[in-house]
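These are the residues of each chain, in order.
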Amino acid sequence: PSAPRLGENHSPCIALGQPLCRHRMPPSSNQLAVLDAAHEALPVELVEVRPGRTLAIHSQPRPGAEQTVLFVHGSCGSLLQWKDQIALAAKERAVVAFDTFGCGRSPNPPEWDAYSFAELRDDLAAVLARISVPGRTMVVVAHSAGCSLALAVAAASLASTPPGPPIDGLCLMGAFAEPPRVPSIFYLPTFVLSLMQPRLSAGFEALALHADTRAGKTAARRYLLGLAPAVNAANDMFMCKAYYRQLSAPSKEEIQSVGAEVPCLLIAGEDDALVPPESTAELHALLSSGAPSEMHSVRATSHQLMQEDPEAVNALLGAFLQSVYARPKPKKTAKARASAVPDKSFASQTRFSSLPSEE
C-alpha cells in the first residue's frame, strides 16, 4: 500500500491528560506543501518488515547492480534528508531508504516500548536481511542516532552463529560513541511538549543548521530552511519523548568488533553544535581496530551536513562506495554472505519485492 498523506496516521489526541496520548502542533499549509513535494520525489510503500512493525520504504531496484546502499536517518528525522545521496547512489546501485518507526510516513502508535533502541535496531536488521543478496556488496549510510543502530546491527551480525547478513561498509555522518544526555525537557508531560513544539523545532534548527544555511547562501541551504521546519512540525511529540528517553548506543567492545571487520567512513560537520567533531573522532578511534577507517570534516556545515553541502558529502561518499566494491572480501565475510538466504515473504509486495532479494 502507498503511504497516507501526512495527517492520516498522525491524528492528534483529544484528551489532553491521557498518558499515552499523541500530540503535535499541526503543520502549516506551507509546510504541508513542502512535504507533499518532497514526498512526491521520494515515494514510499508501507511494508510490514516484521510482525507488528510497518515501515515506509523507498526503493530504487537496479537489476544486475553489484552493490546495494541502505540509508538510515537520525533521531526523529526522515528519509527525505538523503535526497541528494540517494540520487548519487541510484546512478549505478540499488538503493533503499526508510522512515524509522514513528517518523516521516511510517506509523506512530502511542506505545512507549515501540520506540526503544532494541525495537528500532531490530527493524533495521529486518530490512537488511530482506534486501541482502549473495555476491552483492552492502553499504549502510547512516546519520546521527541512526549510526548507533547501524553499528549495533553490524556487531550483532558479526557475533551471531551463523553470521547474519554482512555489511561490507559503513558511512557514518554526525556519529557519536556515547549518546548525548537526554534533555530534561523530555520529562515534561507530552501535551506540554506539543505546545512547545514550534520553539523546540526552532532551537533544534539553530543547532543543527550552520549559520550559512540560516542565511540561505546556496540553493541547497535555502531548500533545507523550508524542509527542516516542515519535517519537525510533522513529528509526534509522544514519539519524540519516547525516542529520546530510550536513546542508546552499542558498547565500546561492540564498536571495536565492527571496526576490526568493516571498513568505515566517518564524516562530521566542521561546526556541528549537536554532535561536535570531537565526539565523532572518539568513535573513529574505537573503529580504527583493523579494517580501513577514515574520518573527514566538511567545512561550513553543522549536523545536517549531507543537506547543507551535498556536493562535498557526495564526493566523499562516492569514493567510499567505490572503495568498498573494489576491496577484496575477507573469507569470513564471504562465508557469511553465502549463508545469507534472502527471505521471499515479500513476494506479495510490488515495488519492495523487486529489490535485490528478488533477483
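Structural data are supplied above this passage.
Rules and cut-offs
Residues numbered from 1 in each chain as written. Predicted model: local features only at pLDDT ≥ 70, side-chain atom pairs only at ≥ 80, totals over all residues. Heavy atoms only, no water. Helix = DSSP H or I, 4+ residues; strand = E, 2+ residues; numbered from the N terminus. Contact = heavy atoms within 4.5 Å. Polar contact = N/O pair within 3.5 Å; in protein donor to acceptor, adjacent residues only side chain to side chain. Pairing = 2+ DSSP bridges. Axes fitted to C-alpha atoms, helices over the stretch in contact; angles between N-to-C directions. Buried < 20%, exposed > 50% of the residue type's maximum accessible area, 1.4 Å probe, protein only. Phe/Tyr/Trp six-rings, centres within 6.5 Å; stacked < 30°, edge-to-face > 60°. Lys NZ or Arg CZ within 6 Å of the ring centre and 35° of its normal. Arc of directions from axis to C-beta.

Q: An account of the overall build of the protein chain is needed here, citing residue identities and associated values.
A: Summing up its helical and strand segments, the protein chain has 13 helices and eight strands in all. For the protein chain, restricting intrachain contacts to residue pairs at least 6 apart in sequence, the fraction spanning at least 24 positions comes to 80%.

Q: An account of the environment of Leu-225 is needed here, citing residue identities and associated values.
A: Tracing the backbone shows Leu-225 in helix H7 (residues 219–234). Expressed as a C-alpha distance, the spacing of Leu-225 and Glu-205, which sit 20 residues apart in the sequence, is 8.7 Å. Apart from the residues within four sequence positions on either side, Leu-225 is in contact with Leu-209, Thr-213, Arg-214 and Gly-216.

Q: How would you explain the side chain of His-58 if you had to name every residue and give the values?
A: Residue placement: His-58 occurs in strand E2 (residues 53–60). A distance of 3.0 Å separates polar atoms of two side chains, one belonging to His-58 and the other to Gln-60. Those residues in contact with His-58 that sit more than four places away from it in its chain are Leu-42, Pro-43, Val-44, Leu-79, Ile-86, Val-95, Val-96 and Ala-97.

Q: Now, about the sheet that holds strand E7 (residues 264–269): what can you tell me, with residues and values included?
A: Read from one edge of the open sheet, eight strands run E1-E2-E4-E3-E5-E6-E7-E8, paired in mixed fashion. Taken across any chain shown, the strands that pair with only one partner, and hence form the sheet edges, are strand E1 (45–50) and strand E8 (293–298). Each strand of the sheet is rotated relative to its neighbour by a mean of 25°, with strand direction disregarded. For E1 and E2, the ladder comprises five bridges, and the chain directions are antiparallel. Bridging across to E2, Val-47 finds its partner in Leu-55.

Q: Account for helix H10 (residues 277–287), naming residues and giving values.
A: Buried residues of H10: Pro-277, Thr-280, Leu-283, His-284, Leu-286 and Leu-287, and no others. For H10, the secondary structure elements touched by its buried residues are helix H4 (145–159), strand E6 (169–173), helix H9 (252–261), E7 and E8.

Q: Break down the packing of aromatic side chains for me, citing the residues and quoting the values.
A: All chains considered together, the criterion is met by five aromatic pairs. The interplanar angle of 35° and the centroid separation of 6.0 Å between the aromatic rings of Phe-101 and Tyr-115 together place this pair among those described as tilted. Here the residue Phe-101 occupies a position in the loop between strand E4 (94–99) and helix H3 (117–131), and Tyr-115 occupies one in the loop between E4 and H3, the gap between them amounting to 14 residues. For Phe-101, a relative accessible area of 5% gives the class buried. One aromatic cluster is present, formed by Phe-186, Tyr-243 and Tyr-244 through successive ring pairs. A cation over an aromatic ring shows up here: Arg-53 above the ring of Phe-101, its NZ or CZ 3.8 Å from the ring centre.

Q: Please provide a residue-by-residue account of unusual backbone geometry, values included.
A: Omega for the peptide link from Thr-161 to Pro-162 comes to -5°, which places this bond in the cis form. Mapped onto the elements, Pro-162 comes out in the loop between H4 and E6. Residues other than glycine seldom take positive phi values, yet Cys-76 does so here, at roughly 55°. For Cys-76, the location among the structural elements is in the loop between strand E3 (67–72) and helix H2 (83–89). The exposure class assigned to Cys-76 is buried, which follows from its relative accessible area of 6%.

Q: Describe the environment of Met-196, listing the residues and the values that go with them.
A: Tracing the backbone through its elements, the reader meets Met-196 in helix H5 (residues 190–208). A residue is classified by how much of its surface remains accessible, and Met-196, at 28% relative accessible area, is partly exposed. As a C-alpha pair, Met-196 and Met-25 span 171 residues in sequence and 8.7 Å in three-dimensional space. Among all residues touching Met-196, those that are not within four sequence positions of it are Ile-185 and Leu-188.

Q: I'd like a rundown of H9, residues and numbers included.
A: Ile-255, Val-258 and Gly-259 are the residues of H9 that are buried. On an axial view of H9, the arc spanned by its buried residues comes to 100°, and they lie on one face. Of the surrounding elements, those touching the buried residues of H9 are H4, E6 and H10.

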